Amino acid sequence: MLENQRQTVHDPLALPIQWSTDAFESKKKLRIGYFTSLPYFPTMGDSGDMVIKAKEALESLGHTLVPFQMPDSFNYMKMIVKFALADQARHFKECWKNEEVANGVKLAWISSKIPLWGQKILSRILKSRVLPFLHSPRSAILFGGGATTSIELMDAMGQKMEIIDQISTEWENLKLDSLICNVLPFPALVLDAPGNLPIAAIYTIIWNLVDFPAGVVTMGYESGKKFSMYNDDGDMALKLAVKSVKDSVGAPIGIQVVGRRFQDEVVLRVMKELEPFNTFKSRNNDSNQ
């Protein structure tokens, strides 16, 4: 898409960035950051281990891997929600008007029907332990969390710049070329299950927010051996995730490769180098022979 300005021709609003074959085919050894979990939604099963597997694979190729410290995931999820729900889900409701709602998004559809005052009450209930079976401080962030005034929206914009600065500063201090982390805190789920766990998007949505390019590559599959060791922190959403992953034994687990702004070629290079280490693909090929 970047060759011969093809993307710019078809999308005149896109930045006229030339494809760098040198960056994609470079043999220079890279400094790559990594993290295996976020407190807002800790990884479960073998998901965190897949990042370590990718780390070891890249180290075997001569790259240097260093731990990366992300900003407070609870705080930046609150900030993301301020942007995502600033219109009080009006756009969602317009998209679903007169449409049959798929099971995978029914929770979001039902939530969009709750008025703001009702969402704020629900948020307080979820934060408290008045109804223990509904206790979920993580889910509480989603309800009534959208910016409702221009002042709140501008404050959120300032918080966004702070998050970008924190990530960029850590990136520069470590002299990174790229970063690897989870795509989701769990393996691939059965159909419709992901729609009940929107908070799991914390691992991907942050890179959309800060405009860092990211790609996904499968690294392996879920063994199911560690599910019973997961600490759900008494949180309803995490308990639901524990139930959902029980049907994911043998399912693929992917990792994200993240790069600096406008350095998509480096992301693709790292993804290409990781592909031979994908045990899920080799396992499937063996079973089909």
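Here we summarise the structure given alongside this text. (Residues numbered from 1 in each chain as written. Predicted model: local features only at pLDDT ≥ 70, side-chain atom pairs only at ≥ 80, totals over all residues. Heavy atoms only, no water.)

Observations regarding unusual backbone geometry
Going by this rule: A run of H or I in DSSP counts as a helix once it spans at least four residues, and a run of E counts as a strand once it spans at least two, with each numbered from the N terminus.
Notably, Gln 88 is not glycine yet its phi reads approximately 55°, a positive angle. Of note, Gln 88 is situated in the loop between α4 (73–84) and α5 (90–96). A positive phi angle, close to 55°, is found at Lys 175, a residue other than glycine. One can find Lys 175 in the loop between α9 (150–173) and β3 (178–182).

Here we look at a nonpolar patch on the surface
So the rule is basically this: For patches, a residue must show more than 30% relative accessible area and have no salt bridge; joins then use 9 Å for like charges and 5 Å for nonpolar side chains, namely Val, Leu, Ile, Met, Phe, Trp and Tyr. Computed by Shrake-Rupley with a 1.4 Å probe, the accessible areas treat only the displayed protein chains as cover when residues are assessed. By convention in these notes, a salt bridge is any Lys or Arg side-chain nitrogen within 4 Å of a carboxyl oxygen on Asp or Glu. Classification of residues uses two cut-offs on accessible area relative to the type maximum, computed with a 1.4 Å probe and protein chains only: under 20% is buried, over 50% is exposed, and between them is partly exposed.
Judged by side-chain polarity, Val 130, Leu 131 and Phe 133 come together as a nonpolar surface patch covering roughly 320 Å² of accessible area. Positionally, Phe 133 belongs in the loop between α7 (116–127) and α8 (137–140). Judged by relative accessible area, Phe 133 falls into the exposed class, the value being 60%.

Some remarks on the packing of aromatic side chains
Threshold: Side-chain rings of Phe, Tyr and Trp (the six-membered ring for Trp) are treated as a pair once their centres are within 6.5 Å; stacked means planes under 30 degrees apart, edge-to-face means over 60, and tilted covers the remaining angles.
Applying the stated criterion across every chain, the model contains seven aromatic pairs. Measuring from ring centre to ring centre gives 6.2 Å for Phe 68 and Trp 171, while their planes differ by 70°; the resulting arrangement is edge-to-face. Residue Phe 68 is located in the loop between β2 (64–67) and α4, and its partner Trp 171 is located in helix α9; the two are separated by 103 residues in the primary sequence. Using a relative accessible area of 6% as the deciding quantity, one classes Phe 68 as buried. The exposure class of Trp 171 is buried, given its relative accessible area of 2%. An aromatic cluster is defined as three or more aromatic residues linked by ring pairs; in this entry it consists of Phe 68, Trp 171, Trp 207 and Phe 212.

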